[in-house]
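Spelled out from the first residue to the last, the chains are:
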Amino acid sequence: MHILYQSPKIIIREFLPQEKQTFLDLFKDEQVTQYLPDTSPERYVEMFNELLENYEKKNLSRWAIFSAVDNGFIGMCVARIFVHNTSQVEIGYVLSREYWGKGIATEVCKALTQYSFRATETKEVVAITDLDNTGSQNVLQKVGFVRLDNLVRNDEELAYFKIERI
């Protein structure tokens, strides 16, 4: 099992095949998914199968976030080629509600940004959020992302952020 990042607080690592239900359960909390695009339960299963394939191919993917203290499941994060501009890498995360407001999102964003610059040739890492998701917007700006003009995807306006390789 490949570990992407580890600190005294969190571990970001590959999901194990037997952790499929853990992954799926994350998306059952409506407060957790309120700012995510509508996704079917079948699509979440496909996403899990795809992330396992990505590990084998050494591609960018989705990873599990666990507590380094008690091994509790915190959530998942993603780094992927940005569909709107393939020279950019997009990052994102979804955290279980009990881990909100503890600085974890900030640490995950920093780790994913560093990983994206280390693992790819990209010059820009981007993130998009729902316009109402001020929590994530504050996290991105704290980490050094700059807000750009809003992005429109599927007739929905989204907040768009970017950080450049130094």
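Just above sits the structure.
One structure accompanies this document, and this report is about it. (Residues numbered from 1 in each chain as written. Predicted model: local features only at pLDDT ≥ 70, side-chain atom pairs only at ≥ 80, totals over all residues. Heavy atoms only, no water.)

## A closer look at the overall build of the chain
And then number 1: The helix and strand tally for the chain stands at five helices and nine strands.
And then number 2: For the chain, the α and β elements follow one another from N to C terminus as β-β-α-α-α-β-β-β-α-β-α-β-β-β.
And then number 3: Over its C-alpha trace the chain gives a radius of gyration of 15 Å, about what one expects of a compact globule, namely 15 Å for 166 residues.
And then number 4: Expressed as lengths along the three principal axes of its C-alpha atoms, the size of the chain is roughly 40 × 35 × 30 Å.
And then number 5: In the chain, which comprises 166 residues, the share counted as buried stands at 50%.
And then number 6: Counting contacts in the chain only where the partners sit at least 6 residues apart, residues at least 24 apart contribute 56% of the total.
And then number 7: Surface summary for the chain: the accessible area is close to 9200 Å², and the carbon and sulfur share equals 48%.
And then number 8: Charged side chains of the chain number 19 positive and 24 negative; the gap between the two group centres comes to 6 Å. (Helix = DSSP H or I, 4+ residues; strand = E, 2+ residues; numbered from the N terminus. Rg over C-alpha atoms; globule rule 2.2 N^0.38 Å. Buried < 20%, exposed > 50% of the residue type's maximum accessible area, 1.4 Å probe, protein only. Contact = heavy atoms within 4.5 Å. Areas by Shrake-Rupley, 256 points an atom, 1.4 Å probe, with all protein chains shown as cover. Lys, Arg positive; Asp, Glu negative; His and termini not counted. Charge placed at Lys NZ, Arg CZ, Asp CG, Glu CD.)

## Topic: the environment of Glu 42
And then number 1: As for its placement among the helices and strands, Glu 42 is situated in helix H3 (residues 41-57).
And then number 2: It is 26 Å that separates the C-alpha atoms of Glu 42 and Val 152, two residues lying 110 residues apart in sequence.

## Some words on the environment of Leu 112
And then number 1: Counting through the fold element by element, Leu 112 comes out in helix H4 (residues 104-119).
And then number 2: The buried category is assigned to Leu 112, whose relative accessible area is 1%.
And then number 3: C-alpha separation for the pair Leu 112 and Ile 12, spaced 100 residues apart in sequence, amounts to 9.3 Å.
And then number 4: When near neighbours in sequence (up to four residues on either side) are disregarded, Leu 112 contacts Leu 4, Trp 63, Cys 77, Val 78, Ala 79, Ile 91 and Gly 92.

## Focus: the nonpolar core
And then number 1: Formed by 47 residues in total, the largest nonpolar core has its most connected members in Ile 12, Phe 15, Phe 23, Trp 63, Val 108 and Phe 145.
And then number 2: The element that contributes the greatest number of residues to this core is H4, accounting for eight residues.
And then number 3: If near-sequence neighbours (up to four positions away) are discounted, Phe 23 is found in contact with Phe 15, Tyr 44, Met 47, Phe 48, Leu 51, Arg 62 and Met 76. (Core = buried A, V, L, I, M, F, W, Y, C linked by side-chain atoms within 4.5 Å.)

## So, the pairing of strand S4 (residues 73-81)
And then number 1: The buried fraction of S4 amounts to seven of the nine residues, a majority that puts the element mostly inside the structure.
And then number 2: Following strand S3 (residues 62-67), the chain reverses through five residues before pairing antiparallel with S4; Asn 71 in that reversal takes a positive phi of roughly 65 degrees.
And then number 3: As judged from the seven bridges shared by S4 and strand S5 (residues 88-95), these two strands associate in the antiparallel manner. Bridged to Arg 80 within S5 is Glu 90.
And then number 4: Following S4, the chain reverses through six residues before pairing antiparallel with S5. (Pairing = 2+ DSSP bridges.)

## Focus on the side chain of Glu 14
And then number 1: The topology assignment puts Glu 14 in the loop between strand S2 (10-13) and helix H1 (20-26).
And then number 2: The buried charged residue Glu 14 lacks any salt bridge partner; its closest oppositely charged side chain belongs to Lys 58, at an N-O distance of 5.8 Å.
And then number 3: Those residues in contact with Glu 14 that sit more than four places away from it in its chain are Met 1, His 2, Glu 19, Tyr 55 and Trp 63. (Salt bridge = Lys/Arg side-chain N within 4 Å of Asp/Glu carboxyl O.)

## Quick notes on the layout of surface pockets
And then number 1: In this structure, the largest pocket occupies an estimated 1100 Å³ of space.
And then number 2: As for the largest pocket, its lining consists of 46 residues, of which Tyr 35, Leu 36, Tyr 93, Val 94 and Asn 133 are closest to the centre.
And then number 3: Contributing elements (two or more residues each) for the lining of the largest pocket: helix H2 (30-33), H3, S4, S5, H4, strand S6 (124-130), helix H5 (134-143) and strand S9 (156-164).
And then number 4: If one sorts the elements of the lining of the largest pocket by residue count, H5 sits on top with seven residues.
And then number 5: Among the residues making up the lining of the largest pocket, the classes are represented as 23 nonpolar, 13 polar and ten charged. (1 Å grid on protein atoms, 1.4 Å probe; cavity = no way out; pocket = protein on both sides within 12 Å on 5 of 7 lines; lining within 4 Å. Points joined across faces, edges and corners; volume = space filled by probe spheres on them. Nonpolar A, V, L, I, M, F, W, Y, C, P; charged D, E, K, R; others polar.)

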